[in-house]
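Residue-level structural notes
The primary structure of each chain is shown beneath.
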Amino acid sequence: MNIFSAPKTSTSVVARSATLLSQSQTLLHLLQLSVADYSLILTQQCHARMLSLGFAQNPLLATKLISAYATCGVPNESRLVFDSLQLKSVYLCNSLINGYAKNHVYSDALGLFQRMWFLGVAADDYTLATILKVCSEATDLDAGKLVHGRCVRTGFVFDVVVANSLMSMYCKSGEFSESLKVFDQMPHRNVSSWNVVIAGHVDTGDRYCGKQIFDFVKDMQLDGLKPDAFTVSTLLPLCSEDVEKLDYGRQLHGYAVRNKLGLGFGLDFHLGCCLIDFYSRIKRVVLGRRVFNQIETRNVYTWTAMINGYVKNGALEEGLVLFDEMQRKDRVRPSRVSLVSILPACSSVTGLNGVKQIHGYAIRREWNIDVSLSNALIDMYSKCGSLNYAIRVFEDESVSGDAISWSSMMSGYGLHGKGEEATCLYHKMLQLGNKPDTIALVGVLSACGRSGLVDEGLQIYNSAINEYGIKPTVEICACVADMLGRSGQLSQALEFIKTMPMEPGPSVWGALVSASIVHGNPEIQDLAYRFLIQLEPENPSNYISLSNLHASSKKWDTVAQVRTMMKQRGLTKTPGCSWISINGITHSFYAYDKLHPSSESIYEMLDGLLLLMKGAARSLDSEKMK
């Protein structure tokens, strides 16, 4: 026996083991790269290398391979890898269930969860948390309740992560009370536990649910836990909806700064977007811009939030400038939401060419089939005077239209005085089995009002209320009042307003004001203005219009009273602004504006036109006298 043979064999085995270990580590690293880069080719190459090296049954590599195929969007390949393995572990099952969940193949995920029992694999906390998320996304409450039972039997219901997933499932399924029961039974809670219930409170639309949401946040702090960025983001929309809670929004911003929730240190994207949206909603877009400027690395969501804030607040040019900077400076490509946000600014400032450019960009990115973008294009083309383009977008067979598509097209017909086409489209919608909703009814009634189709409009209104069970809203009633008023039936419009099932809003009284001005009825005009002032005491336009009405009747004492009320409230009228595009350049003008470089020649032209109009008026008067 050669005594030197054993050490040589041992050295050979060690070297081979080291080689295999190195190769498996290399493959594991390459699979991680394929996941990070979403590379299906690299994943397939790694798979082939695993087979050639005899690593097909390696559980660690197989688990990573299943995840890689799922990440690349081919869960069927993940399933083939899983089926080829002789020994099934909970980690392999979890990887495949998670892969199914990522690709929205919820039925297969639930099926594998059921098979685990027959495979002799016991579910762990990660399995249960993942499958509860699947039940939530699939809105399968029955399956979720069965998983809840499994959690109770195995004791995992007391696991914080599993319990949080269970509460989230109940919240998304509309069973908020069940979520609260799970919450109350939890022996230990973390910040995510409270966040799930707070978000559930918000989603119910009920501001109380036994206790107010902000009191619930105080209870969270008494429990020794501090709200995080998600908590603040969830609460901010409530502050912009409720005037009484505006101070809460500012306090939440201050809390985020004091506790360094990303502010000033690489702002959390979601929190940043929520803060920008909050300030935009309360008409403090300048403060929203300050938040935006604090975000060091911006993504498409933060840019879109700021652009949308500018557009919603009427700062259209600023929105367009920011839209340009997003692409030119930061090299951030717009999303579909970005295009929908900027379209109103394009239609108002750059006109039809701007809308066409957005449409062309959407076609190049193959986003023209997106229904929300198509609806916005229908609306903008109609407002830019190009009804034919709006019709072409509406009739595009590649787009699956919804109720907003129908109503946008009806409104477009109405803007162009084509009420009959709007009513025909409404009846066609009904014939195709689409039930009318509030938006569609507003669209067709508005078109009837602009085209003088009073009888047709009233028939549609009564049919929608009585046959389809649509509850009248302020917007619907405003359309009916406007329809009656435009046709000169001011008394009938006033009687309709008195019988409304809710308190008339500014849109209703505003419609009556416009009609009374057109038909020369100062009594109803004065009445409508007084209601408008009660409803909008901070709107200077109402005071100015009421003052001008009384001035035309030489009621100077009443004029003085209205002006005094306006002065006491510190109200000033913002001058009106209009835009016009000439040779691709947009010019803006304010009332009595002399800042434009060509203002002198513009006013000379206006004076000449006034003289021509006065001369034409004198000629008409002399003709009538003859």
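Just so you know, these numbers come straight off a predicted model, no measurement behind them. (Residues numbered from 1 in each chain as written. Predicted model: local features only at pLDDT ≥ 70, side-chain atom pairs only at ≥ 80, totals over all residues. Heavy atoms only, no water.)

Considerations on the overall build of the protein
Regarding its fold elements, the protein presents 33 helices and 2 strands. The 626 residues of the protein split such that 42% are buried. If you take every contact in the protein between residues at least 6 apart in sequence, the share linking residues at least 24 apart comes to 56%. (Helix = DSSP H or I, 4+ residues; strand = E, 2+ residues; numbered from the N terminus. Buried < 20%, exposed > 50% of the residue type's maximum accessible area, 1.4 Å probe, protein only. Contact = heavy atoms within 4.5 Å.)

What to know about the confidence of the model for the protein
In this model, the protein carries a mean pLDDT of 84, and residues with pLDDT of at least 70 account for 85%. Highest mean pLDDT in the protein belongs to helix 5 (residues 90–102) (94); lowest belongs to helix 31 (residues 540–552) (61). Low pLDDT (under 50) marks residues 1–9, which in the prediction has 0 contacts with non-local residues, meaning those over four places away or in another chain. (pLDDT = per-residue confidence, 0-100.)

Here we look at the packing of helix 15 (residues 269–281) against helix 16 (residues 285–294)
Viewed as axis vectors pointing N to C, helix 15 and helix 16 meet at an angle of 165°, and their least axial separation amounts to 7 Å. In terms of their interaxial angle, helix 15 and helix 16 are classed as roughly antiparallel. In this structure, helix 15 crosses over helix 16, and the sense of that crossing is left-handed. Of the residues in helix 16, those touching helix 15 at Gly272, Leu275, Ile276, Tyr279 and Ser280 are Val285, Leu287, Gly288, Val291 and Phe292. Residue classes in the contact of helix 15 with helix 16 are distributed as 7 nonpolar, 3 polar and no charged. (Axes fitted to C-alpha atoms, helices over the stretch in contact; angles between N-to-C directions. Parallel < 35°, antiparallel > 145°, perpendicular 65-115°, else oblique. Left-handed = near helix turned anticlockwise from the far one by under 90°. Nonpolar A, V, L, I, M, F, W, Y, C, P; charged D, E, K, R; others polar.)

Side note on the packing of aromatic side chains
Under the counting rule described, the total for this entry stands at 11 aromatic pairs. Seen in terms of ring centroids, Phe214 and Tyr248 are 4.4 Å apart; in terms of plane orientation they differ by 15°. Their pairing is stacked. Remark: Tyr248 occurs in helix 14 (residues 246–258) and Phe214 occurs in helix 12 (residues 213–222); sequence separation between them is 34 residues. The exposure class of Phe214 is buried, given its relative accessible area of 11%. Ring geometry for Tyr361 and Trp367: centres 6.2 Å apart, planes at 70°, overall edge-to-face. The same class applies to Tyr361 as to Trp367, namely buried. An aromatic cluster is present here, built from Phe183, Trp194 and Phe216 joined pairwise through their rings. The side chain of Lys88 reaches across the aromatic face of Phe82, ending 5.3 Å from its centre. Stacked on the ring of Phe183, the Lys or Arg Arg189 has its end atom at 4.1 Å from the ring centre. (Phe/Tyr/Trp six-rings, centres within 6.5 Å; stacked < 30°, edge-to-face > 60°. Lys NZ or Arg CZ within 6 Å of the ring centre and 35° of its normal.)

Observations concerning the UniProt feature "repeat: PPR" (unreviewed entry) in the protein
Within this structure's numbering, the places UniProt gives as "repeat: PPR" (unreviewed entry) are residues 89–123, 159–193, 299–333, 402–436 and 437–472. Note that residues 89–123 is 74% helix and 0% strand, and that its end C-alpha atoms are spaced 10 Å apart. In this annotation, residues 437–472 is assigned 75% helix and 0% strand; the end-to-end C-alpha distance for the span is 11 Å. (UniProt positions renumbered as here; feature names shortened; annotations may be inferred.)

A closer look at the packing of helix 5 against helix 6 (residues 106–118)
The interhelical angle for the contact between helix 5 and helix 6, taken along N-to-C directions, is 160°, at an axis separation of 8 Å. Regarding the angle of helix 5 to helix 6, the classification is roughly antiparallel. When you trace helix 5 past helix 6, the crossing you get is left-handed. Only Tyr106, Asp108, Ala109, Leu112, Phe113 and Met116 of helix 6 make contact with helix 5, whose side of the interface consists of Val90, Cys93, Leu96, Ile97, Tyr100 and Ala101. When grouped by side-chain class, the residues that make up the contact of helix 5 with helix 6 number 11 nonpolar, no polar and 1 charged.

Some details on the environment of Ile131
Tracing the chain through its elements places Ile131 in helix 7 (residues 125–137). Looking at Ile131, the relative accessible area reads 0%, which means it is buried. Along the primary structure Ile131 and Ala101 are separated by 30 residues, whereas in three dimensions their C-alpha atoms are 8.3 Å apart. Not counting the four nearest positions on each side in its chain, Ile131 is found in contact with Ile97, Ala109, Leu110, Phe113 and Val147.

Structural notes on a nonpolar patch on the surface
A cluster of nonpolar side chains, namely Met605, Leu606, Leu609, Leu610, Leu612 and Met613, defines an oily patch on the protein surface of about 610 Å² accessible area. Position of Met605 among the secondary structure elements: in helix 33 (residues 599–625). Here Met605 falls in the exposed class, since its relative accessible area comes to 55%. (Patch = residues over 30% accessible without salt bridge, like charges linked within 9 Å, V, L, I, M, F, W, Y side chains within 5 Å. Areas by Shrake-Rupley, 256 points an atom, 1.4 Å probe, with all protein chains shown as cover. Salt bridge = Lys/Arg side-chain N within 4 Å of Asp/Glu carboxyl O.)

Digging into the nonpolar core
Ranked by size, the top nonpolar core spans 162 residues in total, and within it Ile342, Leu441, Leu445 and Leu512 carry the most contacts. Top contributing element to this core by residue count: helix 27 (residues 474–486), with 8 residues. Dropping the residues within four chain positions of it, Ile342 is found in contact with Ile307, Val311, Gly319, Leu320, Phe323 and Ile358. (Core = buried A, V, L, I, M, F, W, Y, C linked by side-chain atoms within 4.5 Å.)

Considering unusual backbone geometry
For Tyr38, which is not a glycine, the phi torsion comes out positive at approximately 55°. One can find Tyr38 in the loop between helix 1 (5–37) and helix 2 (40–53). With phi around 65°, Lys283 is a residue other than glycine that occupies positive phi space. Positionally, Lys283 belongs in the loop between helix 15 and helix 16.

A word on helix 15
Residues three or four positions apart in an α-helix share a direction because the helix packs 3.6 residues into each turn. In a regular helix each residue adds 1.5 Å, so 13 residues correspond to 18 Å; helix 15 covers 18 Å between its end C-alpha atoms and thus fits that length. Of all the positions in helix 15, only Leu271, Gly272, Cys273, Cys274, Leu275, Ile276, Phe278, Tyr279 and Ser280 are classed as buried. Where helix 15 ends, the next residue or the one after it, Lys283, has phi of about 65°, a positive value. (Expected span 1.5 Å × (residues − 1).)

Comments concerning helix 24 (residues 419–431)
Between its first and last C-alpha atoms helix 24 spans 18 Å; for 13 residues at 1.5 Å apiece the expected length is 18 Å, and the two agree. All of the buried residues along helix 24 are Gly419, Ala422, Thr423, Leu425, Tyr426 and Met429. On an axial view of helix 24, the arc spanned by its buried residues comes to 160°, and they lie on one face. Looking at helix 24, the residues exposed on the side facing more than 90 degrees away from the buried face are Glu420, Cys424 and Gln431. Packed against the buried residues of helix 24 are helix 22 (387–394), helix 23 (403–415), helix 25 (438–451) and helix 26 (454–466). Among the residues trailing helix 24, Gly433 stands out with phi positive, at a value near 90°. (Arc of directions from axis to C-beta.)

Overview of the pattern of salt bridges
Within the structure shown, the criterion is met by 11 salt bridges. Of the charged contacts in the structure, one is a salt bridge between Arg281 and Asp277, with a shortest N-O distance of 2.8 Å. Of this pair, Arg281 and Asp277 both sit in helix 15, 4 residues apart, which is roughly one turn of that helix. Note on Asp277: relative accessible area 28%, which makes it partly exposed.

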